[in-house]
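If you want the building blocks of each chain, they are given just below.
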Amino acid sequence: MATEPTPLHVKRGDTVKIGQGKDRNKTGRVLRVQPKKSTIIVEGINIVTKAIKPTQDNQRGGFEKFEAPIHASKALLVCPSCGKTTRLAFKTVADKKVRFCKKCDAVIEDNLK
Ligand SMILES: [Zn+2]
């Protein structure tokens, strides 16, 4: 039987704070999650510059900036209610498993867009 990949603690649309690396203490919105690799792409975080080869349309080539994936474990979830980083906890409300903030007890809604 195939095992489901472990769901990540952050989801697309969440706000996270980076706990380590060159973007430490920066916050951003999660643009993409890749559960199989346990990586996420966060707006404005881990910007890398890629050289673009000259093409017919763009004969000089150039550089393109984009967000490279970071390991999900580097990102701490920011609670939308109290604005603090929180370890995620789960509880069951009306038969639905929801995420909630251990610091202020607010349910953290999925913010998929
Ligand atoms: Zn909170």
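Up top is the structure these notes are about.
This write-up is about the structure you can find in this document. (Residues numbered from 1 in each chain as written. Predicted model: local features only at pLDDT ≥ 70, side-chain atom pairs only at ≥ 80, totals over all residues. Heavy atoms only, no water.)

**Observations regarding the packing of aromatic side chains**
1) Next: As enumerated under the stated definition, the model contains zero aromatic pairs in all.
2) Next: Directly above the ring of Phe90 sits Lys97, whose terminal nitrogen or CZ lies 4.6 Å from the centroid. (Phe/Tyr/Trp six-rings, centres within 6.5 Å; stacked < 30°, edge-to-face > 60°. Lys NZ or Arg CZ within 6 Å of the ring centre and 35° of its normal.)

**Some words on the coordination of the zinc ion**
1) Next: Every protein donor of the zinc ion is accounted for by Cys79 (SG), Cys82 (SG), Cys101 (SG) and Cys104 (SG), and the metal-donor separations fall at 2.2 to 2.4 Å.
2) Next: Between the four donor atoms coordinating the zinc ion, the angles at the centre fall across 104 to 113 degrees, so the site counts as tetrahedral.
3) Next: Positions of the donor residues of the zinc ion along the chain correspond to the pattern C-x2-C-x18-C-x2-C. Of the two residues, Cys82 sits in the loop between strand S7 (75-78) and strand S8 (85-86) while Cys101 sits in strand S10 (residues 96-101), which places them 19 residues apart along the sequence. (Donors = N, O, S within 2.8 Å, 3.2 Å for Na, K, Ca; no water. Tetrahedral: all angles 85-135°; square planar, octahedral: opposite > 155°, others 65-115°. Helix = DSSP H or I, 4+ residues; strand = E, 2+ residues; numbered from the N terminus.)

**Side note on the side chain of Thr86**
1) Next: Position of Thr86 relative to the elements: it lies in strand S8.
2) Next: Within the structure, Thr86 has its side chain in polar contact with the backbone nitrogen of Lys102 (distance 3.3 Å).
3) Next: In this structure Thr86 touches Leu77, Cys79, Cys101, Lys102, Lys103 and Ile108, once residues within four positions along its chain are discounted. (Polar contact = N/O pair within 3.5 Å; in protein donor to acceptor, adjacent residues only side chain to side chain. Contact = heavy atoms within 4.5 Å.)

**Notes on the sheet that holds strand S6 (residues 70-71)**
1) Next: With antiparallel pairing, six strands are arranged side by side in an open sheet as S6-S3-S2-S1-S7-S8. Both edges of this open sheet fall to S6 and S8, since each of them pairs with a single strand only.
2) Next: Sheet topology places strand S1 (residues 15-18) next to S7; three bridges connect them, and they run antiparallel. Its bridge partner lying in S7, Ile18 is registered against Ala75. (Pairing = 2+ DSSP bridges.)

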